[in-house]
Amino acid sequence: MRIPVDLGRRSYDVVLGPGARHELAELIQTRLPRAREAAIITSAPLRAQPWFDLQSGLEQHVIEVPDGEDAKSLTTLERVSESLARLGLSRYDVVIGAGGGAITDLAGFAAAVYLRGVPVVHVATSLVGQVDAAIGGKTAVNLSAGKNLIGAFHQPAGVLCDSEVLATLSERDRLGGLGEVAKCWLLEDRRAASLSGTSLAELVKLCVQLKAGVVMMDETEAGRRALLNYGHTLGHALEKLALERARDEMRHGEAVAVGLAFAVRLAHAMGRVGSLEVVNHDQVLSALGLSGRLPAFASPDALIAAMGRDKKAHHDLTFVLAGAEGFDVVHHVSETLVRGVIERFRSEA
Ligand SMILES: NC(=O)c1ccc[n+]([C@@H]2O[C@H](COP(=O)([O-])OP(=O)(O)OC[C@H]3O[C@@H](n4cnc5c(N)ncnc54)[C@H](O)[C@@H]3O)[C@@H](O)[C@H]2O)c1
């Protein structure tokens, strides 16, 4: 199955399904006929997986980077860029990001800036990567001041989302991905009841279609694309607080799940949705095995401070909220109201 991301000269397909990774050579040959060399960026644990049998059809080199979020640093970017230069990668050649969202974010950014831009293809191996991170051309690394503070828009020449590789995901990484799936399901206004008859492959397809559609409307997040940040205002704040406690305290998607539960409560408190929508959100989260409860370590003061500092909040409390006419980005939400909803939400836990 192919889902097109139609962006004029920057158009590409997202290829989904079992064995999609084996399309790599054909994709490169079709989209990048002048490419001679491929630099595959991945981590050692991923390279050791049984499905790591990528064939680009070119002379290929593997560049190993730290696993997970540690890949997204300026130090790693510099190291990768030096390796690309040593390999003599030209602007006709291709960088391949093979990994979860952290690696495709790094590989995409390296491809965006090396020689002022070389082609990149993503082989998205995590659920977050397949439903979200590898699609849409947002690339970034982190600074100590915060996540994704340095980056660029750089669309890939293609994205391969192979369902076979998801079999080796840890339970936590699978659940983390389901947080983003819950977001897509709710943004599509689907009910909890219809989730039980929907396979993971169908859920991935729904998310990719949603993301591709939004990116086509708003490539650089000037408007509608911001709706994909549903659940992310509180989610990012929670992720930040969790990270200050321990590296592995919370996955992005777990924090987003809590953010979704909070956002619908806030929308309810503002009279934008009825209580049935709150129940639907909770049921969607629990049907996907997600908790959606605020952890005890997240105090209202710390959350509010962290939400105000989120780079997407534009220095005020901004949320994507459900309403009678669909979803809106709502700016300048009253701090008193937010605090009250957090306190009530906390007492539910
Ligand atoms: N660019 C975007 O639009 C966008 C969107 C959402 C998230 N992101 C970014 O994505 C990152 C999160 O992505 P993630 O959840 O994939 O995390 P990740 O890339 O850190 O991967 C999590 C873990 O899963 C492992 N893993 C990946 N695929 C695997 C597989 N098939 N089998 C076994 N293990 C596997 C990785 O090695 C890693 O240890 C964050 O940095 C976030 O900022 C970017």
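Computed from a prediction, not measured in an experiment: that's the story for all the values here.

Student: Run through the environment of Ser194, naming residues and quoting values.
Tutor: Relative to the elements of secondary structure, Ser194 occurs in the loop between α6 (171-187) and α7 (200-217). When the C-alpha atoms of Ser194 and Pro45 are compared, they prove to be 36 Å apart, with 149 residues separating the residues in sequence. Within polar-contact distance, the side chain of Ser194 engages the backbone oxygen of Arg191 at 3.0 Å.

Student: I'd love a proper account of the sheet that holds strand β5 (residues 94-99), names of residues and values included.
Tutor: The strand order across the open sheet formed by 7 strands is β1-β2-β9-β6-β5-β3-β4, and the pairing between neighbours is mixed. Strands with a single pairing partner mark the edges of an open sheet, and in this sheet they are β1 (2-5) and β4 (59-65). Adjacent strand axes in the sheet meet at a mean angle of 20° when their direction is disregarded. Bridging between strand β6 (residues 120-124) and strand β9 (residues 158-162) involves 4 bridges; their strand directions are parallel. Within the sheet, the bridge partner assigned to Val121 lies in β9 and is Gly158. The strands touched by helix α4 (residues 101-113) are β3 (37-43), β4, β5 and β6; relative to β5, the strand with the most contacts, the crossing angle is about 165°. Strands β1 and β2 (12-17) of the sheet are contacted by α7, whose axis makes an angle of about 15° with β1.

Student: Can you explain the domain arrangement of the chain? Please cite residues and give values.
Tutor: Here the domain parsing of the chain yields domain 1 (2-168) and domain 2 (171-348). The centre of domain 1, based on its C-alpha atoms, is set 27 Å off from the matching centre of domain 2. At the junction of the two partners, domain 1 supplies 24 residues and domain 2 supplies 25 residues. At the boundary of domain 1 with domain 2, total buried surface from both sides reaches about 2,200 Å², with 67% on carbon and sulfur atoms.

Student: Explain the packing of helix α8 (residues 232-245) against helix α9 (residues 252-269) residue by residue, including any values.
Tutor: Helix packing for two helices is described by the angle between their axes and how far apart those axes are. Where α8 contacts α9, the two axes come as close as 7 Å, and the packing angle between them is 135°. The orientation of α8 with respect to α9, classified from their angle, is oblique. Read as a crossing pair, α8 and α9 show a hand that is right-handed. Between α8, through His232, Leu234, Gly235, His236, Leu238 and Glu239, and α9, the contact on the second element is made entirely by His252, Ala255, Val256, Val258, Gly259 and Phe262. Its residues assigned to classes, the contact of α8 with α9 shows 6 nonpolar, 5 polar and 1 charged.

Student: Please set out the pattern of salt bridges residue by residue, giving values where relevant.
Tutor: Counted by the stated rule, this structure contains 27 salt bridges. For the salt bridge of Arg21 with Asp53, the shortest nitrogen-to-oxygen distance reads 2.8 Å. Here Arg21, found in the loop between β2 and α1 (24-31), pairs with Asp53, found in the loop between α2 (44-47) and β4; they are 32 residues apart in sequence, far enough to count as distant. One salt bridge in this structure joins Asp189 and Arg191, with 2.9 Å as the shortest N-O distance. For Asp189, a relative accessible area of 51% translates into the label exposed. Each member of the salt-bridge network shares a partner with another, and the members are Arg21, Asp53, Asp162 and Glu164.

Student: So what about the site of the ligand? Which residues, and what values?
Tutor: Around the ligand sit 24 residues in total, of which Asp67, Glu69, Thr125, Ser126 and Thr168 are the nearest. One nitrogen or oxygen atom from the side chain of Asp105 is found 2.9 Å from a nitrogen atom belonging to the ligand. Between a nitrogen atom of the ligand and a side-chain N or O atom of Thr168, the distance comes to 2.6 Å. For the ligand, whose unbound accessible area comes to 860 Å², protein coverage reaches 87%. Elements that contribute at least two residues to the shell around the ligand include exactly α4, α5 (127-133) and β8 (146-153). Of the residues assigned to the shell around the ligand, the class counts are 7 nonpolar, 8 polar and 9 charged.

Student: Report on the side chain of Glu37, specifying residues and quantitative values.
Tutor: Tracing the backbone shows Glu37 in strand β3. Within the buried set, Glu37 has no salt-bridge partner at all; the shortest N-O distance to an opposite charge, 8.6 Å, is to Arg36. Polar contacts involving the side chain of Glu37 include one to the side chain of His61, which spans 2.6 Å. Apart from the residues lying within four places of it in its own chain, the contact partners of Glu37 are Leu58, Glu59, His61, Leu87, Leu89, Asp93 and Val94.

Student: Residue-level account of unusual backbone geometry, with values.
Tutor: Here the phi dihedral of Arg116 falls at roughly 60°; this positive angle occurs in a residue that is not glycine. Positive phi, close to 55°, is recorded for Asn148, a residue that is not glycine. With respect to the secondary-structure elements, Asn148 resides in strand β8. The partly exposed category is assigned to Asn148, whose relative accessible area is 24%.

The rules we used
- Residues numbered from 1 in each chain as written.
- Predicted model: local features only at pLDDT ≥ 70, side-chain atom pairs only at ≥ 80, totals over all residues.
- Heavy atoms only, no water.
- Helix = DSSP H or I, 4+ residues; strand = E, 2+ residues; numbered from the N terminus.
- Polar contact = N/O pair within 3.5 Å; in protein donor to acceptor, adjacent residues only side chain to side chain.
- Pairing = 2+ DSSP bridges.
- Axes fitted to C-alpha atoms, helices over the stretch in contact; angles between N-to-C directions.
- Contact = heavy atoms within 4.5 Å.
- Domains from an automatic or database assignment.
- Buried area = accessible area lost by both parts, 1.4 Å probe.
- Parallel < 35°, antiparallel > 145°, perpendicular 65-115°, else oblique.
- Left-handed = near helix turned anticlockwise from the far one by under 90°.
- Nonpolar A, V, L, I, M, F, W, Y, C, P; charged D, E, K, R; others polar.
- Salt bridge = Lys/Arg side-chain N within 4 Å of Asp/Glu carboxyl O.
- Buried < 20%, exposed > 50% of the residue type's maximum accessible area, 1.4 Å probe, protein only.
- Near = heavy atom within 4 Å.
- Areas by Shrake-Rupley, 256 points an atom, 1.4 Å probe, with all protein chains shown as cover.
- Lys, Arg positive; Asp, Glu negative; His and termini not counted.

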